[in-house]
Amino acid sequence: MFTDGVDVDDAQRAELAVMGVTIVDGRVLRLQMDGIQVRSVVLTDRTHDVDAVVVGPRMVARGDLYERLGGELADHPMGRFVPSGPGGATPIEGVWAVGNAVDLAAMVASSAGSGVAVGAAVNADLLADDVRDRLAEPDRAPRNTVPSRPVEYPHGNH
């Protein structure tokens, strides 16, 4: 394992050693190739012959809007993400996050499911706000009102 500047603590080193993984500290400059075959990893001060290279990805959520709203992305060994609690609520009042912006390992299906769940949480939060507002000002009309008569659609009611 080439650390390339990533801090590997003593416990992690011990675990990797038990698995037979050799740890090489130092900055990786480049790979030496023979056509499409990797031959070695070149560090700043030495070269190591290899048969293959696997690169651990580092994901970074597209959090520029979240940061402009005053939030800070959280660090994780696999990248940076928008911190959120249950239901996708972030530390910023009224801001929710979903999918792989909050879970760096989320794929399309789980991200879509997260969106549905967070949508339900947002709806519940808005409803709770309406209830609090109505209790505080009983004569105030609710934010979302249902028409008192049926809505007529151009092609009949469905």
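Here is what the cut-offs are and how they apply
Once a new chain begins, its residue numbering starts again from 1 and follows that chain's sequence as written. Side-chain atom pairs in this predicted model are given and counted only at pLDDT of 80 or more, local residue features only at pLDDT of at least 70, and totals for whole chains, interfaces and linings cover all residues. By convention in this description, side-chain values take in all heavy atoms of the structure and omit both hydrogens and water. Only DSSP runs of H or I reaching four residues or more are called helices, and only runs of E reaching two or more are called strands; each is numbered from the N terminus. The pairing criterion is simple: DSSP has to find at least two bridges between the two strands. The term salt bridge refers to a pairing of a side-chain nitrogen on Lys or Arg with a carboxyl oxygen on Asp or Glu at a separation within 4 Å. Only protein chains enter the accessibility calculation, which uses a 1.4 Å probe; a residue whose area is less than 20% of its type maximum is buried, one above 50% is exposed, and one in between is partly exposed.

Undergrad: Is there a simple way to explain unusual backbone geometry in this structure?
TA: Phi at Asp4 is positive, roughly 50 degrees, even though this residue is not glycine. Along the chain, Asp4 turns up in the segment before helix H1 (10–18).

Undergrad: Help me understand the sheet that holds strand S4 (residues 59–60), please; the structure alone is not making it clear to me.
TA: Strands in a sheet are paired, the pairing made by backbone hydrogen bonds, and the direction either parallel or antiparallel. One open sheet holds the three strands; their spatial order is S4-S6-S5, and the pairing between them is mixed. The strands lining the two open edges of the sheet, one partner per strand, are S4 and strand S5 (74–76). With two bridges connecting them, S4 and strand S6 (residues 79–81) associate as parallel partners. By the bridge assignment for S6, Met59 is matched with Gly79.

Undergrad: Got a minute to help me understand the pattern of salt bridges in this structure?
TA: Side-chain pairs of opposite charge can arise whenever the charged atoms involved come near each other. A full pass over the atoms with the stated rule returns seven salt bridges. The partner of Arg80 in a salt bridge is Asp75, with the nearest N and O atoms 3.1 Å apart. What makes Arg80 partly exposed here is its relative accessible area of 26%.

Undergrad: Could you clarify how one ought to interpret the pairing of strand S2 (residues 37–43) in this entry?
TA: Residues in a regular strand point their side chains to alternate faces of the sheet. Most of S2 is tucked away: five of the seven residues are buried. Bridge count between strand S1 (residues 28–34) and S2: six bridges; the pairing is antiparallel. Counted as the bridge partner of Val28 is Leu43 from S2. Two elements, S2 and strand S3 (residues 47–49), share three bridges in a ladder whose sense is antiparallel. The residue of S3 that forms the bridge with Val42 is Thr47.

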